[in-house]
Structure formats: structure tokens, C-alpha cells
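Inside the fold
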Amino acid sequence: MNAESSNRSWLRDFHGGYLLERYTLTLVRGLSPQEFLDRIGADPTGDYGGFEAFAARDREFQEDQTDWGDFMFVGVTRVQGKDADWVLALEINGGIEIQTDCMKDATRGTRAVSHFRSPNAMTLFSWWEDGELRTRFEGAQQREGTTPDELVDLMLHVGFDFERSICDLEEYVALADVLTGVHVTASMLENGTYSTGIVEVPAQDWPSVIVDLTDAHGARTYAEIPHPAHDQR
């Protein structure tokens, strides 16, 4: 890790590592918090001053859910970049960017970057431009999107190790800093006023289910069973 990324380790220590269990942090240029919530189809649920109030509301929301993952709770606050105003969208227990298609609409005519960590320490970085997923990756070598190689030079500059299969959070934060001109700090998260909303996650549309079993004698059963509702369309 080089000097570019080493001073961004605050995320790992924020509120005693509160966000390390799961978080998604997204930066979008030129929108207001309400515009972002509208674009992602969120049902507004009020404003909360400061991270502690926002986190307390998130805990209430999670406790009220019958099945985790049907709905996502997000808070959005204004932040300042070098050359433009941005919004910072924070999810403590969600993944709207990777579990819905809403970023296609949210990034029309603008840019967004997002980094994510799951409870099993899976991490992702995504770069969107004008409704298009330009680059997404977990490990530096496993890149996808319409321009998967465009960020390689910047990734090397901020300290990504292309020999490793996973990336450090500090590298994600550093790359987001360069792509947005927004130097996100603990103070921004601590003192932000969060406009909040709830997003419904669409049910997965599975055309079929694969059954692939091998019994104790080595006999294999393989079948593809069509989804009844899918066949009736």
C-alpha cells in the first residue's frame, strides 16, 4: 500500500469498525439527495442529523424486516468535490447498487462510483457513467463492464496490487477519491444530514432450477426444472 492509500484507513476504524460487517458507499455527481432518492425509486422516510441518528433508524428498519433483503434502507447527504457538488449515499446493511438496476437511472447524465463490503468480506468497486457500468471488480485482475481496463493506470497509481486476488478497502477509497474529487472523511459521515428512503429489491426471475446431486454410490441425478410461472408467459 502506498502513500496515496495509507491515509484513508479511517473507514476501518470508524465507530470501532461499525461499517466493516456490511456497507455500501456511493458517490453521485450533481444531484441533490432528493433527486438521487427519486431516481432509485426510494420511498422517502425522513431526514436524520448525524451518523448515530441514521444508524439508529437503520437498526429499527432491519429489526422490522421479516425477510432480510426484500427492502434496502439508504441515507443520502450532500458532499463537496473539487469541481462539483456530489451526494454520498450510505447503506449500513444494504447493496442497492449490486442488487437492483436502479443505477442505470441514477447515473443518467452523470458519474457515480460505489464500493461495497459484505459480511463474508467480499468487496466490490463499481464505476458508472451516464447509465453505463464502465468497470466493476473485486480483485484487481477480475474486471468487467464496458471499459474494464480504463482504470488500470489509476489503480496502479493509488496502490492496487494486481498479484493479489482481493483488494483492501483503503485502495477502494483512494480510487473513489481520484475518480470523484471527493475526499470522503469520517467527519463527513459523522456530521452529515441524511435524507433517507426505502428501496424494494425486485424478486429474482428464475426461468428454471438446476438439480444436480450425487448419491453415496456415485450415481448422479441432473435435471433442469422449468419455473411454472415463467412457462406461462
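Anything mentioned here points back to the structure above.
Attention now goes to the nonpolar core. Nonpolar side chains in soluble globular proteins generally cluster together in the buried interior. Ranked by size, the top nonpolar core spans 41 residues in total, and within it Leu27, Phe51, Phe125, Phe160, Leu175 and Leu189 carry the most contacts. Residue contributions to this core peak at seven residues, all from helix H8 (residues 169-180). The residues contacting Phe51, other than those within four sequence positions of it, are Phe14, His15, Tyr18, Leu19, Leu90, Ile92, Leu189, Glu190 and Tyr194. Grouped together as the second largest cluster of nonpolar side chains are 20 residues, Leu31, Ile40, Val74 and Val76 included.

This brings us to the pattern of salt bridges. Taken as a whole and judged by the stated rule, the model has eight salt bridges. Among the salt bridges present, the one from Arg136 reaches Glu97, with a minimum N-O distance of 2.6 Å. In this pair, Arg136 sits in strand E7 (residues 132-137) while Glu97 sits in helix H5 (residues 96-99), placing the two residues 39 residues apart along the sequence. Comparing Arg136 with Glu97 shows no difference in burial state: the two are buried. The partner of Arg134 in a salt bridge is Glu132, with the nearest N and O atoms 3.6 Å apart. Judged by relative accessible area, Glu132 falls into the partly exposed class, the value being 34%. By sharing partners, the salt bridges in this structure join Glu132, Arg134 and Glu150 into a single network.

Among all residues except glycine, the phi angle is most often negative; among peptide bonds, the trans geometry is most common. The backbone of His15 sits at a positive phi, close to 50 degrees, despite the residue not being glycine. Here His15 is to be found in the loop between helix H2 (10-13) and strand E1 (23-29). Even without being a glycine, Ala121 presents a positive backbone phi close to 70 degrees. By the element assignment, Ala121 lies in the loop between strand E5 (111-117) and strand E6 (123-129). Assessed through its relative accessible area of 39%, Ala121 is described here as partly exposed.

The next point concerns the pairing of E7. The element E7 is largely enclosed, with a buried count of five among its six residues. Two strands pair when backbone bridges link them, and E6 and E7 are joined in this way by five bridges, in the antiparallel orientation. Looking at the pairing, Trp127 lines up with Thr135 of E7. If you look at the hairpin formed by E6 and E7, you'll find two residues sitting between the two strands, and Asp130 has a positive phi there, around 50 degrees. Inspection of the sheet shows E7 paired to strand E8 (residues 143-144) by two bridges, in the antiparallel sense.

Rules used in this analysis
- Residues numbered from 1 in each chain as written.
- Predicted model: local features only at pLDDT ≥ 70, side-chain atom pairs only at ≥ 80, totals over all residues.
- Heavy atoms only, no water.
- Core = buried A, V, L, I, M, F, W, Y, C linked by side-chain atoms within 4.5 Å.
- Buried < 20%, exposed > 50% of the residue type's maximum accessible area, 1.4 Å probe, protein only.
- Helix = DSSP H or I, 4+ residues; strand = E, 2+ residues; numbered from the N terminus.
- Contact = heavy atoms within 4.5 Å.
- Salt bridge = Lys/Arg side-chain N within 4 Å of Asp/Glu carboxyl O.
- Pairing = 2+ DSSP bridges.

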